[in-house]
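For reference, the chains in residue letters:
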Amino acid sequence: MQTASTLPQLKLKLAKDGDSSVQGCWAQDIGTESLFASGASALREGDRVHLEINPGDRNGLHLNAQVVNVTNRGATCRFKENSAASLEVLGALLTPTWDGENLLD
């Protein structure tokens, strides 16, 4: 069974609230409450961010989050104030019934 920590890295677009710049990084350790944004920089604990997992894909997942931990490798982002539909898609992403094709289909 595939768990959140064994899922492959997914492309991630991260935008800090109030900042027009966007960072391209990688989503790792995706869980029901948070993910690790590998390669994210210039963030501080408490920053609010908007995440797009698999950006540019018609099935990209948009989530709001808050930075809860920052390391030299990236930042842990805890999901906050997301719609039920977004959380349902996230749950489907974490379900180990992946058919080997697009994770977000």
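We now turn to the structure provided with this report.

Reading the values: rules and limits
Residues numbered from 1 in each chain as written. Predicted model: local features only at pLDDT ≥ 70, side-chain atom pairs only at ≥ 80, totals over all residues. Heavy atoms only, no water. Pairing = 2+ DSSP bridges. Helix = DSSP H or I, 4+ residues; strand = E, 2+ residues; numbered from the N terminus. Salt bridge = Lys/Arg side-chain N within 4 Å of Asp/Glu carboxyl O. Buried < 20%, exposed > 50% of the residue type's maximum accessible area, 1.4 Å probe, protein only.

Another point: the pairing of strand S4 (residues 48-53). Judged from the five bridges that link them, strand S1 (residues 10-16) and S4 form a sheet pairing that is antiparallel. Along S4, the bridge assignment pairs Leu-12 with Ile-53. The pairing of S4 with strand S5 (residues 61-71) spans six bridges and is antiparallel. In the sheet register, Glu-52 faces S5, and the bridge partner there is His-62.

Time to look at the pattern of salt bridges. Considering all chains together, one arrives at four salt bridges under this definition. Here Lys-13 makes a salt bridge to Glu-52, at a shortest N to O gap of 3.3 Å. Highlighted residues: Lys-13 in strand S1 and Glu-52 in strand S4, separated in sequence by 39 residues. With relative accessibility at 36%, the residue Lys-13 sits in the partly exposed group. Looking at Glu-52, the relative accessible area reads 9%, which means it is buried.

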